[in-house]
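As a plain string of letters, each chain reads:
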Amino acid sequence: METLCTQCAKPSTEWGYPTTSALPIYLMAPNGLKEKHNRTNNAKLIKLYTGDGETFEKVCSYQDVLNHLNLTKANELFSMTRPVKDYRRPTEVFLEVLLYAILDVKEIDQTFVPYVWIFLVWQNEYIYWNSSDFCGIKNISLPTEILWKPDLTIEEMTEKDKAPPSPYLTINNMGKVFVQNDQVLVSTCRMQVHKFPFDVQSCTLSFKSAIHSIEEIRLVHHLNSSITTEWSRELMRTQYEWLFVDMTVINKTVSPFGAEQDTIIYTISMKRRSVLYIANFLLPVLFFLCLDLASFLISDRGGEKLSFKVTVLLAVTVMQLILNEILPSSSDKIPLIAVYCIGIFALMMLSLLETILVMHLMEKDSQDNESNADQTVEEQGRAINFRGSEREERKLTPYGCICGASAAKTPDERLQVGMTLQLESGKKGSISQPIEEPPAFEELSVELKEVVRILTLILQSSKEEEKPGYWTRKTKTINRVYFIFYVIAAFFFLVFMFSIWNEPQE
């Protein structure tokens, strides 16, 4: 019965990619097909016919093959050196890598943690057996420490893989050795966070031999970039906060210490999921800007407007502290999101300074009004005192002239003298002649008129105080001009930021 491994030596495109004798189809085929193949080769029987027409079955085991090859742990021929009969012939190692999951990307630490599948195939020239002699056995699984393995390393790896490697490898009757490992790699990755959170990161995994030169080990890959990307996308189980974009593979020769070495470089490109950052960071900062614009509707009198603006400014500062914990400090360019926060912070700070200036001018205007009001009250008080003394002198002056009273007498003494003279003149005159009334009522009416006039002046002065002063009128103009400038500057700044964010990343 012909098994699937009979196709190993023929090129094929049955599974969507070119295969050669070094990379069998069953290694990359779905699990169901591999299980069917393994079940076919688990038990091998050969029917033998005797001369009497009777048949009996010959049973073969894997140990028969190992005994034939003399393949034991004690045989150092298979594990000590490169498995070539001519040292001048390099060992070709076929390498394929598929991305199974993106576990973590740490911007602060500049590390990338993928979960990858690694397939290795190479030729061991000391292994060969005729499958027909061993009931058709073509594949055997062995412990990995029995055979020599290429010393491949990943240049970007910073931590040793904690997951145990696969304990077994597979060999076939043509001397091909197949190794499959699943590894969780912690590798360095240079993060470009200039367009965070709309950034696309590219992290590389460079495979090469630790000590062997190009004359000893040649690294070869068969799957091109498009097929590697397609297969990785189908295998992908989790992507953390990222979207897998593509996976490119190139093969180049490097000379790290004078000796040329083959290197296969896999570049994994991924795009950040930015929805949560927009909802949790960009929009709240934009809302703070809108609140600062709305604060222009608050009255400038009192400290409510000033305290509100300070509170909003502190909220933006807290958002900047949160951002500082996310982004690395080793970035070549300032992240655009930091420019976004700084720009909005600057606009809000200018708005706060404008409010402080307006409050200062209004306070200066109120102080000028208070000093003018105090001066007016003092002048009115002096005028009232002056008029009162003038009235007293006007009442008592005629009697003083008649009686020749001294001006040095007090007003009470003058009043007493005047009343005495009036009584005496009344006795001497005719009874029918009417007696003149004292000027008390006339004085009272004059005083009431003076009080009414003074109250009128006070009311007029209070009305003048209610009118806005010079600086108060200027603050209204300053508020209007700065609000227009604020709206225009914020609009163009936001348009500029989002246009840069939408530009394709280099």
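How each quantity is defined
- Residues numbered from 1 in each chain as written.
- Predicted model: local features only at pLDDT ≥ 70, side-chain atom pairs only at ≥ 80, totals over all residues.
- Heavy atoms only, no water.
- Helix = DSSP H or I, 4+ residues; strand = E, 2+ residues; numbered from the N terminus.
- Expected span 1.5 Å × (residues − 1).
- Bend = angle between axes of the 7 residues up to and from the residue.
- Buried < 20%, exposed > 50% of the residue type's maximum accessible area, 1.4 Å probe, protein only.
- Pairing = 2+ DSSP bridges.
- Disulfide = S-S within 2.5 Å.
- Axes fitted to C-alpha atoms, helices over the stretch in contact; angles between N-to-C directions.
- Parallel < 35°, antiparallel > 145°, perpendicular 65-115°, else oblique.
- Left-handed = near helix turned anticlockwise from the far one by under 90°.
- Contact = heavy atoms within 4.5 Å.
- Nonpolar A, V, L, I, M, F, W, Y, C, P; charged D, E, K, R; others polar.
- Salt bridge = Lys/Arg side-chain N within 4 Å of Asp/Glu carboxyl O.
- Polar contact = N/O pair within 3.5 Å; in protein donor to acceptor, adjacent residues only side chain to side chain.

(A) Representation of helix H5 (residues 275-294). Helix length check: H5, at 20 residues, gives a terminal C-alpha distance of 27 Å against a target of 28 Å (1.5 Å per residue), a fit within 8%. Taken as a whole, H5 carries its principal kink of about 30° at leucine 283; the proline proline 284 stands between one and four residues after it. Among the residues of H5, Tyr277, Phe281, Leu282, Val285, Leu289 and Asp292 are the ones counted as buried.

(B) Broad picture of the pairing of strand E9 (residues 176-184). Bridge analysis of strand E4 (residues 111-123) against E9 gives nine bridges, and the strand direction is antiparallel. Directly across from valine 116, in E9, lies its bridge partner glutamine 183. Direction of pairing for strand E8 (residues 168-172) relative to E9: antiparallel, over a ladder of two bridges. Following the sheet pairing, threonine 170 is matched in E9 by phenylalanine 178.

(C) Fine view of the pairing of E8. The element E8 is largely enclosed, with a buried count of four among its five residues. Pairing between strand E5 (residues 139-143) and E8: five bridges, direction antiparallel. Within the sheet, the bridge partner assigned to proline 143 lies in E8 and is tyrosine 168. Counting the residues between successive antiparallel strands, the hairpin from E8 to E9 contains three residues, one of them, glycine 175, with a positive phi of roughly 90°.

(D) Looking closely at the state of the cysteines. All chains considered together, the criterion is met by two disulfides. For cysteine 60, the disulfide goes to cysteine 135, at an S-S distance of 1.7 Å. Residues cysteine 60 and cysteine 135 are joined through a disulfide that is right-handed, its torsion about the S-S bond being 60°. Taken together, the positions of cysteine 60 in strand E2 (residues 55-60) and cysteine 135 in the loop between E4 and E5 put the pair 75 residues apart, joining distant regions of the chain. Neither cysteine 60 nor cysteine 135 differs from the other in exposure class; each is buried. Disulfide pairing places cysteine 189 opposite cysteine 203 at an S-S distance of 1.9 Å. Judged by the torsion about the S-S bond (-85°), the cysteine 189/cysteine 203 disulfide is left-handed.

(E) Structural context of the packing of H5 against helix H6 (residues 304-326). H6 packs onto H5 with a crossing angle of 165° between their chain directions and a minimal axis gap of 10 Å. The angle between H5 and H6 places the two elements in the roughly antiparallel class. Of the two elements, H5 crosses H6, and the hand of that crossing is left-handed. Contacts from Asn280, Phe281, Pro284, Val285, Phe288, Leu291 and Asp292 in H5 reach Phe308, Lys309, Val312, Ala315, Val316, Met319 and Leu323 in H6. Tallied by class, residues from the contact of H5 with H6 come to 11 nonpolar, one polar and two charged.

(F) Spatial organisation of the pattern of salt bridges. For the structure on display, the rule yields eight salt bridges. Notably, a salt bridge pairs lysine 73 with glutamate 145, separated by 3.7 Å at the nearest N-O pair. Of the two residues, lysine 73 sits in the loop between helix H3 (62-69) and strand E3 (91-106) while glutamate 145 sits in the loop between E5 and strand E6 (152-154), which places them 72 residues apart along the sequence. Here lysine 73 falls in the exposed class, since its relative accessible area comes to 61%. According to the relative accessible area criterion, glutamate 145 is partly exposed, its value standing at 49%. For the salt bridge of aspartate 292 with lysine 309, the shortest nitrogen-to-oxygen distance reads 3.2 Å. Residue aspartate 292 is located in helix H5, and its partner lysine 309 is located in helix H6; the two are separated by 17 residues in the primary sequence. Here aspartate 292 and lysine 309 have matching classes, each one buried. Overlapping salt bridges bring together Glu107, Asp199, Glu241 and Arg272 as one network.

(G) Region of the structure containing the side chain of asparagine 172. Inspection of the secondary structure puts asparagine 172 in strand E8. Of note is the side chain of asparagine 172, whose polar atom sits 2.7 Å from the backbone nitrogen of lysine 176. If near-sequence neighbours (up to four positions away) are discounted, asparagine 172 is found in contact with Ile127, Trp129, Lys138, Asn139 and Phe178.

(H) Seen up close, the sheet that holds strand E11 (residues 200-209). The sheet built from four strands is open, its strands ordered E6-E11-E14-E13 with antiparallel pairing. With one partner strand each, in any of the chains shown, E6 and strand E13 (242-254) form the two edges of the open sheet. Each strand of the sheet is rotated relative to its neighbour by a mean of 20°, with strand direction disregarded. The pairing of E13 with strand E14 (residues 261-272) spans 12 bridges and is classified as antiparallel.

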